[in-house]
Amino acid sequence: MCKDFEGKYAVITGASSGMGAASAKMMAHRGLSGLVIVARNEERAKAVAAECEAAGCKTYVSICDVSVPEDIAKCVAYAKEVLPQIDILVNAAGYSPYNAPWDTETLDHFNYVMNINFRSQYLFCQAILPDMVARKYGKVVNFSSCTARTGSGLSVSYSASKAAIANATKTWARAVGPSGVNVNAVLPGVIRTPMLGDADYTEQEKAWPLRRCGQPEEVAEMVCFLASDKASYMAGALVDVNGGYVFS
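Residues numbered from 1 in each chain as written. Predicted model: local features only at pLDDT ≥ 70, side-chain atom pairs only at ≥ 80, totals over all residues. Heavy atoms only, no water.

1. Observations regarding the overall build of the protein
Helix and strand counts for the protein stand at 8 helices and 7 strands. Computed over C-alpha atoms, the radius of gyration of the protein comes to 17 Å, within 12% of the 18 Å expected from 2.2 N^0.38 for 248 residues, which places it in the range of a compact globule. Each principal axis of the C-alpha atoms in the protein carries an extent, and together these give about 45 × 40 × 40 Å. When burial is assessed residue by residue, the protein has 52% of its 248 residues classed as buried. Contacts spanning at least 24 positions in sequence make up 73% of the contacts within the protein whose residues lie at least 6 apart. As displayed, the protein offers around 11200 Å² of accessible surface, 53% of which is attributable to carbon and sulfur atoms. (Helix = DSSP H or I, 4+ residues; strand = E, 2+ residues; numbered from the N terminus. Rg over C-alpha atoms; globule rule 2.2 N^0.38 Å. Buried < 20%, exposed > 50% of the residue type's maximum accessible area, 1.4 Å probe, protein only. Contact = heavy atoms within 4.5 Å. Areas by Shrake-Rupley, 256 points an atom, 1.4 Å probe, with all protein chains shown as cover.)

2. Some points on the nonpolar core
The biggest cluster of nonpolar side chains holds 37 residues, and the ones touching the most others in it are Met27, Leu35 and Val90. Put simply, the parts of the chain that give this core at least two residues each are strand 1 (9-13), helix 1 (18-29), strand 2 (34-39), helix 2 (42-54), strand 4 (88-91), strand 5 (138-143), helix 8 (216-227) and strand 7 (238-241). Among the elements that make up this core, the one with the highest residue count is helix 1 (7 residues). If near-sequence neighbours (up to four positions away) are discounted, Met27 is found in contact with Phe5, Ile12, Leu32, Ile88, Val90, Val223, Cys224 and Ala227. Cys64, Ala93, Leu129 and Ala168 belong to the second-largest nonpolar core, a separate cluster that totals 27 residues. (Core = buried A, V, L, I, M, F, W, Y, C linked by side-chain atoms within 4.5 Å.)

3. Notes on helix 8
Here helix 8 contains 12 residues, and its C-alpha end-to-end distance of 16 Å stays within 8% of the 16 Å for a straight helix at 1.5 Å per residue. Within helix 8, the full set of buried residues consists of Pro216, Val219, Ala220, Val223, Cys224, Leu226 and Ala227. Down the axis, helix 8 shows its buried residues gathered within 160 degrees of arc, on one side only. (Expected span 1.5 Å × (residues − 1). Arc of directions from axis to C-beta.)

4. Quick word on the packing of aromatic side chains
Counted under the stated rule, the structure contains 3 aromatic pairs. A centroid spacing of 5.5 Å and a plane angle of 70 degrees characterise the contact between Tyr95 and Tyr112, whose relative ring orientation is edge-to-face. One end of the pair, Tyr95, is in the loop between strand 4 and helix 4 (107-135); the other, Tyr112, is in helix 4, with 17 residues separating them in the sequence. Tyr95 sits in the partly exposed class, given a relative accessible area of 26%. On the basis of relative accessible area, Tyr112 is assigned to the partly exposed category, the value being 30%. (Phe/Tyr/Trp six-rings, centres within 6.5 Å; stacked < 30°, edge-to-face > 60°.)

5. A few points about the sheet that holds strand 3 (residues 58-63)
Across a sheet, paired strands are connected by hydrogen bonds in the backbone, their directions being either parallel or antiparallel. Read across the open sheet, the 7 strands follow the order 3-2-1-4-5-6-7; overall the sheet is parallel. Taken across any chain shown, the strands that pair with only one partner, and hence form the sheet edges, are strand 3 and strand 7. The average undirected angle you get between the axes of adjacent strands in this sheet is 15 degrees. Relative to strand 4, strand 1 runs parallel, the two sharing 4 bridges. Each bridged residue has a counterpart across the sheet, and for Val11 the counterpart in strand 4 is Leu89. The sheet strands contacting helix 1 are strand 1, strand 2, strand 4, strand 5 and strand 6 (181-188), and the helix crosses strand 1 at an angle near 165 degrees. Contacting strand 1, strand 2 and strand 3, helix 3 (residues 69-82) crosses the sheet at an angle of about 160 degrees to strand 3. (Pairing = 2+ DSSP bridges. Axes fitted to C-alpha atoms, helices over the stretch in contact; angles between N-to-C directions.)

This is the structure we're talking about:
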């Protein structure tokens, strides 16, 4: 049985559903010793935590609205209290405003999307990276998107937030790499998560090399790789997991 994460402790945001939940459960089943699940939905978070616990991973839940800086500060303080150390940070929390075209989006909505998708990752990294640097060990996996490369054609705020994550990932990687900390990002394509709802991509899929939407577990596999010591020589990488939607 794979034990890539034995003796390691992680914080995973957006871990109550979708790709964040898939990543948490996969790490737990691969030997993770301790985990803080960061999410807004307590019921779903506790369900994921129960599965992680059943796999042998000591799991805690921190209810947090990542659009609120004070919530993030409390969450990080809690994680540092209950975990011996934070070896892994996965910034999976995000928001996809599929119904917000560029010409009708309000400033309030723009700020909301940027705060959830980008500012939250900035705040978590700024709070946790210094301890990783001091210990000379850490793995950070940020969630960007294929739209960071292409634009979305709809929401400017979504594409811009994901492009900001991609650039910040490279900046952090340059800054903390000399201390032995790896910072990388995954760029998912269209993944069948609850956030996608019942959106129909039948026609779009015909143009993609793999001819289908992805599954959360397919992204989680890459997250687990980047969060493990198998990716020890990767820094600032933007890894496409999109079925060929776009080639880097």
